Structures are given as C-alpha cells and as structure tokens.
Amino acid sequence: MKLQVTDCIWLHGTEVCQIEHLAEVSGLTIEEIEDLIEIGVIAPVDRNAQPICFRLQYVLTVKTARRLRDDFQLDRHGVALALTLLRRIDELETELSAIRG
C-alpha cells in the first residue's frame, strides 16, 4: 500500500504569496503575470511593499489565464478580456443568486 500525502491551502483566506509562486503553480512566466498586473486583472496586496505579495485567490486566476492562453491560443489582451468577462459573469451570478434569495 502506497501512502500519498497532499498539502492543502485555503485560497479564500488571508494568506499571501510572491509572484514566483504564482508563476510556479500556473505555468505562466513572470513576464506574463506582470502583464496581468499591468492590465489590472490581478493586483498586489501592497504595491509599495517588497517583496510584492498577492492574495492566494489569484492562484485560480493565473491558472485560468494559462488554460485560456493555451487552449484558445490567446495573446495577453485576449487573456485579459476573457478573464474580465469571466469575473463579470461571476459577479452577475452572485447578484442573481442574492435576488432569488
């Protein structure tokens, strides 16, 4: 019998990570993640702090960005647009759920 140990991290908590961690878990390059920051898709916790840290919730965002890039062969602007639209859909679904009660 082989025992496999897995670590879990709660992505909606208050934990933060550095840009290198986002690159490692997503498969994006640091430059691609910097593009997402520049476009405003993800934002550091504090731009003035060194090293720059991000909320762990962005792990899902950068993984989605990589899948969109690879699956649909999108450039950085296409990825940014797709992520923005997906985020807006989530917001609208949340509002609709709240209205429905």
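Residues numbered from 1 in each chain as written. Predicted model: local features only at pLDDT ≥ 70, side-chain atom pairs only at ≥ 80, totals over all residues. Heavy atoms only, no water.

Peer 1: Please clarify how the overall build of the chain should be interpreted in this entry.
Peer 2: The helix and strand inventory of the chain stands at four helices and two strands. The helix and strand sequence of the chain, counted from the amino end, reads β-α-α-β-α-α. Considered along the principal axes of its C-alpha atoms, the chain spans approximately 45 × 35 × 35 Å. A total of 101 residues make up the chain; the buried ones form 26% of that total. For the chain, long-range pairs separated by at least 24 residues make up 56% of all intrachain contacts whose partners lie at least 6 apart in sequence. Here the chain has roughly 7600 Å² of accessible surface; of this, 54% comes from carbon and sulfur atoms. Of the charged side chains in the chain, 11 are positive and 17 negative, and the gap between their average positions amounts to 5 Å. (Helix = DSSP H or I, 4+ residues; strand = E, 2+ residues; numbered from the N terminus. Buried < 20%, exposed > 50% of the residue type's maximum accessible area, 1.4 Å probe, protein only. Contact = heavy atoms within 4.5 Å. Areas by Shrake-Rupley, 256 points an atom, 1.4 Å probe, with all protein chains shown as cover. Lys, Arg positive; Asp, Glu negative; His and termini not counted. Charge placed at Lys NZ, Arg CZ, Asp CG, Glu CD.)

Peer 1: So what exactly am I meant to see when it comes to helix H1 (residues 19-26) here?
Peer 2: Think of an α-helix as 3.6 residues a turn; residues three or four steps apart then line up on the same face. The set of residues buried in H1 consists of Ile19, Leu22, Ala23 and Ser26. The buried residues of H1 occupy one face: seen down the axis, they fall within an arc of 100 degrees. Of the surrounding secondary structure, the elements contacted by the buried residues of H1 are strand E1 (16-18), helix H2 (30-39), strand E2 (53-55) and helix H3 (58-72). Just past H1, the residue Gly27 takes up positive phi, approximately 90 degrees. (Arc of directions from axis to C-beta.)

Peer 1: Could you clarify how one ought to interpret unusual backbone geometry in this entry?
Peer 2: If a residue is not glycine, its phi is most likely negative; likewise, a peptide bond is most likely trans. With an omega dihedral of -5 degrees, the bond running from Gln50 to Pro51 counts as a cis peptide bond. By the secondary structure assignment, Pro51 is in the loop between H2 and E2. If you check the backbone angles, Gln73 has positive phi at about 50 degrees while not being a glycine. Looking at where Gln73 falls in the secondary structure, it is placed in the loop between H3 and helix H4 (76-100).

Peer 1: Would you explain the environment of Ile19 in this entry?
Peer 2: Within the secondary structure, Ile19 sits in helix H1. Given the relative accessible area of 13%, Ile19 is considered buried. When the C-alpha positions of Ile19 and Thr29 are compared, they lie 9.6 Å apart, and in sequence the two are ten residues distant. Discounting residues that sit within four places of it in the chain, Ile19 has contacts with Ile30, Ile33, Glu34, Ile37, Ile52 and Phe54.

Peer 1: What is the right way to read the packing of H1 against H3 from this model?
Peer 2: The angle between the axes and the distance between the axes are what describe a pair of packed helices. Contact pair H1 / H3: the axes reach a minimum separation of 9 Å and the direction vectors enclose 45 degrees. By the angle class used here, H1 and H3 are oblique. When the axes of H1 and H3 are compared, the crossing they make is right-handed. Contacts between H1 and H3 involve His21, Leu22, Val25 and Ser26 from the former and Tyr58, Val59, Val62, Lys63 and Arg66 from the latter. Looking at the contact of H1 with H3 residue by residue, the classes come out as five nonpolar, two polar and two charged. (Axes fitted to C-alpha atoms, helices over the stretch in contact; angles between N-to-C directions. Parallel < 35°, antiparallel > 145°, perpendicular 65-115°, else oblique. Left-handed = near helix turned anticlockwise from the far one by under 90°. Nonpolar A, V, L, I, M, F, W, Y, C, P; charged D, E, K, R; others polar.)

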